[in-house]
Amino acid sequence: MRQPLTRELHDLLERGRDRQLRLAVTGLSRSGKTAFLTSLVNQLRHAGLEARLDLLPAARDGRLLGARRVEQHDLGVPRFPFDRAMSALDDHPPRWPEPTRGISELRLVLRYRPLRPGLMSGETRRLTLDLFDYPGEWLLDLPLLGHDYPSWSRSQTGHGDAREALFADWHREVATLDPAQEVDEGRLAEIAERYAEGLRAAREAGFSDLQPGRFLLPGELEGAPVLQFFPLPGIADADPAQLAQLPPESLYATLARRFRHYQQHIVRPFYRDHFRRFDRQIVLVDILGALNAGPERFEDLSRALGRLMQSFDYGRRSLLSRLFAPRIDRLAIAATKADHVTPEQHARMTGLLETLLAEPLKDLHFANVPVRALSLAAIRATEAREVNHQGQRQSALRGTTLAGEEALLFPGEVPSRLPDADFWARQGFTFTAFRPLPRDGGALPHIRMDAALDWLIGDKLQ
Ligand code: GDP
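Each chain carries its own residue numbering, running from 1 in the written order of its sequence. Residue-level local features of this predicted model are given only where pLDDT is at least 70; pairs of side-chain atoms are given and counted only at 80 or more, and the full residue set underlies all totals for whole chains, interfaces and linings.

**A few points about the overall build of the protein chain**
And step 1. Each helix is a run of DSSP H or I of at least 4 residues and each strand a run of E of at least 2, with the numbering of both proceeding from the N terminus. Helix and strand counts for the protein chain come out as 18 helices and 10 strands.
And step 2. Put simply, the radius of gyration uses C-alpha atoms, and a globule should come to 2.2 Å times the residue count raised to 0.38. A compact globule built from 462 residues should have a C-alpha radius of gyration of about 23 Å, and the protein chain, at 24 Å, falls within 12% of that.
And step 3. Taken over the C-alpha atoms alone, the protein chain extends approximately 75 × 70 × 45 Å along its principal axes.
And step 4. Around each residue's C-beta, the other C-beta atoms within 10 Å are counted; 20 or more make the residue buried, 12 or fewer make it exposed, and counts in between make it partly exposed. All C-beta atoms are placed from the backbone. Buried residues in the protein chain amount to 39% of all 462 residues.
And step 5. We call two residues in contact when their backbone-placed C-beta atoms lie within 7 Å. Of the contacts formed within the protein chain by residues at least 6 apart in sequence, a portion of 77% connects residues at least 24 apart.

So this is what it looks like as structure tokens:
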């Protein structure tokens, strides 16, 4: 094995020669990250063979010779479970891969023939591609860095929507607490658990705009005291001077300390050690899932995405650029699971995504970060069909439901603008989840993975 220093040097040289790229995939839970990364690796490994990558010129022109997995750089980061994901897809019947729950990494080396070869004909080049997958929920914590404990408490209470009811148990218990009283560790842990339960219930109910992100995906922090805190309703209205006087063992001082610890030791290190070093990023959005879940969840997704996208706004005044200097130079946002609707709806999916993200996109444009929006299916599970419906030709989808039934259906129209009350009242939207198609050992069927690849790495394969 190479010495770490030599490895660092090697990486630096590769970077200098523009032959290394760190590409990160994120999105909220169930947005399709695991499926996306599995498909991406699978497509690149079958490039030049049977993968259909016509929208990626290097592959279409036969210059992309393939990809090999090699040992990753950060040995401390879990490896992305590619083989496990492929075995799930190859099972009888095929299954969707288990989702990843924290950050994971995989390194590929791509071989390609340059567009303009040098003097040596038949010259080949290599691109080292470091792929990362991490929960979008972690990005929801960025705004938390701009708060102190009282102002964070204010921002997290009094949402006034259906979510309040999901936090009823926590509200009842937190109302009995006196911020000045000496902390009872056991009780604090219990109430923190009620808070985490509220967050989990809210996520189950389809809400996305939830903080702190690690409460939902604690990874190795499960049960650690750093995750035992919660907001104190009304504390922002208390006199700051009086709060500062409270003894360190008071409930208020303990919660405020844990909040700071969470900021300094959980949120900041992710940005410092990982996020800051990504070159390119794709954000996946399950826009159809949100349409399926109804108006309140759809609005909540919009809020959560607005917040999540703040991590990519490097305008001079942004919180992030004040803290770190990120270097992502290209961003893709993708509406996933496009195979859940008929092909003529795909453009509407992209339109809806762009409308949903209009504000953050404006900020990104202003900060000069190139962004592309698209719709895709990482692993296509349906086939598009034309059917005769009451004398008219109509497009439909054919697939096998998760319960194993063959289905032929038309799932509905995707609104191309933000859905209004009328849309929800008139039609709403229902889609059925499908089982992945059985594989014949070749590349996974997809929709526009090649377009995503072209935007994210195409310029490095010239
Ligand atoms: P993650 O939590 O972001 O890693 O999400 P996953 O990749 O695990 O995806 C969540 C679920 O969405 C999967 O179990 C599938 O049911 C579904 N899914 C993801 N990608 C696709 C796709 O391209 N097509 C279809 N039909 N379903 C998908």
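So much for the structure itself; the text now carries on.
**Considering the sheet that holds strand β2 (residues 64-70)**
And step 1. DSSP bridges decide pairing: two strands pair if at least two such bridges lie between them. Taken together, 7 strands build an open sheet; the order of strands is β2-β3-β4-β1-β5-β6-β7 and the sheet is mixed. Edge positions in the open sheet fall to β2 and β7 (371-375), since each of these has one partner strand only. Recorded for the sheet is a direction-independent mean angle of 25° between the axes of neighbouring strands.
And step 2. Across 6 bridges, β2 lies against strand β3 (residues 104-112) in antiparallel orientation. Residue Val 70 lies in a different strand from β3, and its bridge partner there is Arg 107. Axis definition: a line fitted to C-alpha atoms, over the contacting stretch in the case of helices. Angles run 0 to 180 degrees between N-to-C directions.

**Observations concerning the site of the ligand**
And step 1. To decide whether a residue is near a molecule or strand, its C-beta atom is placed from the backbone and checked for lying within 6 Å of it. In the vicinity of the ligand lie 21 residues, with Lys 33, Thr 34, Ala 35, Trp 96 and Pro 99 positioned nearest.
And step 2. As a working rule, the residues Ala, Val, Leu, Ile, Met, Phe, Trp, Tyr, Cys and Pro are called nonpolar, Asp, Glu, Lys and Arg charged, and the rest polar, with Gly in that last group. Across the shell around the ligand, the residue classes break down as 9 nonpolar, 8 polar and 4 charged.

**Things to note about helix α18 (residues 449-457)**
And step 1. Summarising burial for α18: 9 of the 9 residues are buried, a large majority.
And step 2. Listing the buried residues of α18 in full gives Met 449, Asp 450, Ala 451, Ala 452, Leu 453, Asp 454, Trp 455, Leu 456 and Ile 457.

**Some remarks on the sheet that holds strand β9 (residues 392-400)**
And step 1. The antiparallel open sheet is built from 3 strands, whose spatial order is β8-β9-β10. The sheet is open, and its two edges are formed by β8 (383-389) and β10 (406-409), each paired on a single side. Adjacent strand axes in the sheet meet at a mean angle of 35°, parallel and antiparallel pairs treated alike.
And step 2. With 4 bridges connecting them, β9 and β10 associate as antiparallel partners. Looking across to β10, one finds that Arg 398 is bridged to Leu 408.

**What to know about the domain arrangement of the protein chain**
And step 1. Domain assignment breaks the protein chain into domain 1 (4-138 + 275-381 + 438-461) and domain 2 (144-272).
And step 2. Inter-centroid distance (C-alpha atoms) of domain 1 to domain 2 is 33 Å.
And step 3. On the side of domain 2, 16 residues touch domain 1, which itself brings 20 residues to the contact.
And step 4. Elements represented by at least two residues in the side of domain 1 that touches domain 2 include exactly α13 (295-309) and α14 (319-323).
And step 5. Element by element, the count of residues in the side of domain 1 that touches domain 2 is highest for α13, at 7 residues.
And step 6. Classifying every residue of the side of domain 1 that touches domain 2 gives 10 nonpolar, 2 polar and 8 charged. Those domain boundaries reflect an automatic or database domain assignment.

**Here's the deal with unusual backbone geometry**
And step 1. For the bond running from His 92 to Pro 93, omega is -5°, close enough to zero to count as cis.
And step 2. With respect to the secondary-structure elements, Pro 93 resides in the loop between α4 (82-89) and β3.
And step 3. With an omega of -5°, the peptide bond between Gln 211 and Pro 212 qualifies as cis.
And step 4. Within the secondary structure layout, Pro 212 lies in the loop between α8 (185-204) and α9 (213-216).
And step 5. You will see that Arg 30, though not glycine, has its phi angle at about 70°, which is positive.
And step 6. Position of Arg 30 relative to the elements: it lies in the loop between β1 (20-27) and α2 (33-45).

**With respect to the packing of α2 against α4**
And step 1. In contact at an axis separation of 10 Å, α2 and α4 are set at 95° when each is read in the N-to-C sense. On the basis of the axis angle, α2 is roughly perpendicular to α4. Residues Thr 34, Thr 38 and Val 41 of α2 form the contact with α4, whose participating residues are Phe 82, Ala 85 and Met 86.
And step 2. Among the residues making up the contact of α2 with α4, the classes are represented as 4 nonpolar, 2 polar and no charged. Roughly parallel covers angles under 35 degrees, roughly antiparallel covers those over 145, roughly perpendicular covers 65 to 115, and oblique covers all other angles.

**What about the nonpolar core?**
And step 1. Within the largest apolar cluster, 116 residues are counted, with the highest numbers of intra-cluster contacts made by Ile 287, Ala 334, Leu 353 and Ala 452.
And step 2. With 9 residues, the single largest contributor to this core is helix α11 (residues 251-273).
And step 3. The two domains that each donate at least three residues to this core are domain 1 (4-138 + 275-381 + 438-461) and domain 2 (144-272). Note on terminology: a nonpolar core is a set of buried residues of type Ala, Val, Leu, Ile, Met, Phe, Trp, Tyr or Cys, with members joined through C-beta atoms within 7 Å.

**Section: the environment of Ser 151**
And step 1. Inspection of the secondary structure assignment puts Ser 151 in helix α5 (residues 149-156).
And step 2. Ser 151 gets classed as exposed once you count the C-beta atoms within 10 Å, which come to 12.
And step 3. On a C-alpha basis, the gap between Ser 151 and Phe 366 in space is 28 Å, while along the polypeptide they are 215 residues apart.

**Let's talk about the environment of Asp 91**
And step 1. For Asp 91, the location among the structural elements is in the loop between α4 and β3.
And step 2. A count of 11 C-beta atoms within 10 Å places Asp 91 in the exposed class.
And step 3. Residues Asp 91 and Leu 131, spaced 40 residues apart in sequence, show a C-alpha to C-alpha distance of 25 Å.

**A closer look at the confidence of the model for the protein chain**
And step 1. Residues at a pLDDT of 70 or more form 93% of the protein chain, whose mean pLDDT is 88.
And step 2. What the predictor reports for the complex is a pTM of 0.89 with an ipTM of 0.99. pLDDT expresses how confident the predictor is about each individual residue, on a scale running from 0 to 100.

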